Amino acid sequence: MNVAELLVEGFSRVQGTVHAAVAGLTAKQLGTRPDDEANSIAWLVWHLTRVQDDHVADVAGTEQVWTGQDWLSRFGLPFPAGDTGYGHRPADVEAVRVDGPDLLTGYYDAVHEQTVRFVTGLDAEALDRIVDEAWDPPVSLGVRLISVLDDDTQHAGQAMYVRGLL
């Protein structure tokens, strides 16, 4: 297995968990929060997808799927175009409402497709490229992709946990 295949496998597992987390749920269930400070399944899946979209588009030098394929208007959320959910307060989480799972999985699948297209062309040498010098030490492409994958996995697991509570 090469680096690209490993990354595709990791992101594909996130895709499977995202689909399992939302399958068959109603709008009400997707928006349910275990308490006033907790995140809903809809917010968790939207957020993990926004982060993946934002970060992968940045390192790939491409437009985000969110704006490029106009998921921004399809979701109709009251946030600026660049919002990924980072720092959201409970009222922001509450604002992420969807009619059903198809909007969430449609957006995730489009981001997944763009992610796979990008990582498929990578080799081990490419992962050493510095993509963010704002950190000490500077962040390489490999570290950024693993960071995104880790964040996605955690939030997808949280969505499955909330589903279990339902």
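As a starting point, this report considers the structure included with it. Source: prediction; values computed, not measured. (Residues numbered from 1 in each chain as written. Predicted model: local features only at pLDDT ≥ 70, side-chain atom pairs only at ≥ 80, totals over all residues. Heavy atoms only, no water.)

Here we come to the nonpolar core. By size, the foremost hydrophobic cluster in this structure holds 34 residues, and its most contacted members are L30, I41, W46, W71, F75 and L104. Elements supplying a minimum of two residues to this core: helix 1 (3-22), helix 3 (41-60), helix 4 (65-68), helix 5 (71-75), helix 7 (101-119) and helix 8 (141-165). Counting residues per element, this core draws most heavily on helix 3, at 7 residues. Counting 9 residues, the second-largest nonpolar core is a separate cluster that includes V59, V119, L127 and L145. (Core = buried A, V, L, I, M, F, W, Y, C linked by side-chain atoms within 4.5 Å. Buried < 20%, exposed > 50% of the residue type's maximum accessible area, 1.4 Å probe, protein only. Helix = DSSP H or I, 4+ residues; strand = E, 2+ residues; numbered from the N terminus.)

Before going further, it helps to spend a moment on the packing of aromatic side chains. Counted according to the given criterion, the structure contains 6 aromatic pairs. With centroids separated by 5.6 Å and ring planes inclined at 40 degrees, the aromatic side chains of W46 and F79 adopt a geometry described as tilted. Remark: F79 occurs in the loop between helix 5 and helix 6 (90-95) and W46 occurs in helix 3; sequence separation between them is 33 residues. On the basis of relative accessible area, F79 is assigned to the buried category, the value being 13%. Seen from their ring centres, W71 and Y107 are 5.8 Å apart, and the 40 degrees between their planes marks the pair as tilted. One end of the pair, W71, is in helix 5; the other, Y107, is in helix 7, and 36 residues separate them in sequence. Through a chain of ring-to-ring contacts, three or more aromatic side chains come together here, namely W46, W66, W71, F75, F79 and Y107. Between the NZ or CZ atom of R74 and the centre of the ring of W71, over which it lies, the distance is 3.8 Å. (Phe/Tyr/Trp six-rings, centres within 6.5 Å; stacked < 30°, edge-to-face > 60°. Lys NZ or Arg CZ within 6 Å of the ring centre and 35° of its normal.)

To continue, consider the pattern of salt bridges. Inspection of every chain in the model, using the stated rule, returns 6 salt bridges. Its salt-bridge partner being R33, residue E94 comes within 2.8 Å of it at the nearest N-O pair. Placement of the pair is E94 in helix 6 and R33 in the loop between helix 2 (27-31) and helix 3, with a sequence separation of 61 residues. Taking the shortest distance from any N to any O, the salt bridge between R50 and D53 comes out at 3.5 Å. You can see R50 and its partner D53 sitting in helix 3, 3 residues apart, about one turn around the helix. Look at R50 and you get buried, because its relative accessible area is 0%. (Salt bridge = Lys/Arg side-chain N within 4 Å of Asp/Glu carboxyl O.)

What follows is about the packing of helix 1 against helix 7. Two numbers describe how helix 1 lies on helix 7: the axes approach to 10 Å, and their chain directions differ by 180 degrees. Classed by the angle they form, the pair helix 1 and helix 7 counts as roughly antiparallel. From helix 1, A4, L7, V8, F11, S12, V14, Q15, V18, H19 and V22 reach across to helix 7, where they touch P101, L104, T105, Y108, D109, H112, T115, V116 and V119. Residue composition of the contact of helix 1 with helix 7, by class: 12 nonpolar, 6 polar and 1 charged. (Axes fitted to C-alpha atoms, helices over the stretch in contact; angles between N-to-C directions. Parallel < 35°, antiparallel > 145°, perpendicular 65-115°, else oblique. Contact = heavy atoms within 4.5 Å. Nonpolar A, V, L, I, M, F, W, Y, C, P; charged D, E, K, R; others polar.)

A word on the layout of surface pockets. The probe, sized like a water molecule, is rolled over the atoms to show the empty space still left. Here the largest pocket is characterised by a volume of approximately 270 Å³. H47, V51, H55, Y86, W135, V139, V143, R144, S147, V148 and D151 are the residues that line the largest pocket. The set of elements that each furnish at least two residues to the lining of the largest pocket consists of helix 3 and helix 8. Considering every element that reaches the lining of the largest pocket, the biggest residue donor is helix 8, with 5 residues. Grouping the constituent residues of the lining of the largest pocket by class yields 6 nonpolar, 3 polar and 2 charged. (1 Å grid on protein atoms, 1.4 Å probe; cavity = no way out; pocket = protein on both sides within 12 Å on 5 of 7 lines; lining within 4 Å. Points joined across faces, edges and corners; volume = space filled by probe spheres on them.)

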